Amino acid sequence: MTAKILDGLAIAKAIKEEVAEDVRELARRHIRPGLAAVLTGSNPASQIYVNNKVKTCQQLGIYSEKHELPDETTTDELLELIAWLNEKDDIDGILIQLPLPPHIDTVRVLDSVDPTKDVDGFHPLNVGRLVQNRPTLVPCTPAGIVELLDRYDIPVEGRRAVILGRSNIVGKPVALLLMHRHATVTVCHSRTRDLPAVAREADILVSAMGRKAMVTAEYVKPGAVVIDVGINRVTDLAEVEELFGPDEKRRQSVKTKGYTLVGDVHPKSVSRVAGYLTPVPGGVGPLTIAMLMKNTVRAARRRRGLDHE
Ligand code: GUN
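Visitor: In this structure, what is going on with the overall build of the protein chain? I would like to understand it.
Guide: Check the secondary structure of the protein chain and you find 12 helices and 11 strands. Taken over the C-alpha trace, the protein chain has a radius of gyration of 20 Å; the compact-globule value for 309 residues is 19 Å, and the two agree within 12%. Counting only C-alpha atoms and orienting by the principal axes, one finds that the protein chain spans roughly 55 × 45 × 40 Å. For the protein chain, buried positions account for 52% of its 309 residues. Averaging the positions of the 41 positive and the 40 negative side-chain charges in the protein chain gives two centres separated by 4 Å.

Visitor: I would appreciate a short explanation of the sheet that holds strand β2 (residues 34-40) in the present structure.
Guide: In a beta sheet, neighbouring strands are held together by backbone hydrogen bonds and run either parallel or antiparallel to one another. Read from one edge of the open sheet, 3 strands run β3-β2-β4, paired in parallel fashion. A strand with exactly one partner marks an edge of an open sheet, and here the two such strands are β3 (63-69) and β4 (93-96). Across the sheet, the mean angle separating the axes of adjacent strands is 15 degrees when strand polarity is ignored. One ladder, built from 4 bridges, connects β2 with β4; its direction is parallel. Within β4, the position partnered with A36 by the bridge is I94. Along the sheet, helix α3 (residues 75-87) contacts β2, β3 and β4; its crossing angle with β3, the most-contacted strand, is approximately 165 degrees.

What counts and what doesn't
Residues numbered from 1 in each chain as written. Predicted model: local features only at pLDDT ≥ 70, side-chain atom pairs only at ≥ 80, totals over all residues. Heavy atoms only, no water. Helix = DSSP H or I, 4+ residues; strand = E, 2+ residues; numbered from the N terminus. Rg over C-alpha atoms; globule rule 2.2 N^0.38 Å. Buried < 20%, exposed > 50% of the residue type's maximum accessible area, 1.4 Å probe, protein only. Lys, Arg positive; Asp, Glu negative; His and termini not counted. Charge placed at Lys NZ, Arg CZ, Asp CG, Glu CD. Pairing = 2+ DSSP bridges. Axes fitted to C-alpha atoms, helices over the stretch in contact; angles between N-to-C directions. Contact = heavy atoms within 4.5 Å.

Here it is in structure tokens:
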């Protein structure tokens, strides 16, 4: 069997077209959704992510502001910026790019974002609403995963889902979303015993551990749906061959850019067993940005009491 590839790029494009239509509809009422992205420190991956988010806003007609703060920014300085953005009427969504530098109190910072502008869905009020399956702003990567399953008509109800990773950003919220859709959900982590055996029970396997190519065929039930949330760089051509087989595009990427990307899933090994697989890149990543845009428009509507329409 060769796994069918779940095309996150194509689904993200469709979502963004819908969001752009919503933005045009709001424009007719003189409403322009706005996103503030706060980038603290010099993490190169975070810089790329924030730039992509701002660029996507521009493509869809969403107003955006990028706030870049130096590594030595204090918690109080960040709190001050967020307090200002909370009050700013042209801002509907506030995104604090993570990870923050280690000296910053991340919990205090995230708790200070106005829950109505919390487009990442990280505020405890929104997390609580998600736990209770009430309408809320849902974290973008988990929301994107569910959107992907829906748009490929992959059934969730009654199926076994196994999540590898228990982070607040992905593992816990995706477990809740799948539970609310009536899956039977198991959440695994670094202390889980016999991880491959637990993972092999999954009809839907979501890997968000952040371990390069850890998930091999022995983790996957034949025909399972495998969602790969990991992003890791591969710089060595022998490793490219081992992970992807003879893949000239990947080799070229290493030669020109210095790297290619692989997720938590070993693509060559797992694609022989899985029924469906998200690629890296072009799987979950683009969906995360698309859902951020959708959340920003949603926040703009909710803040104006239009969400019932
Ligand atoms: N860092 C890694 N993933 C995310 C995310 O979804 N949102 C934010 N703000 N930071 C991240």
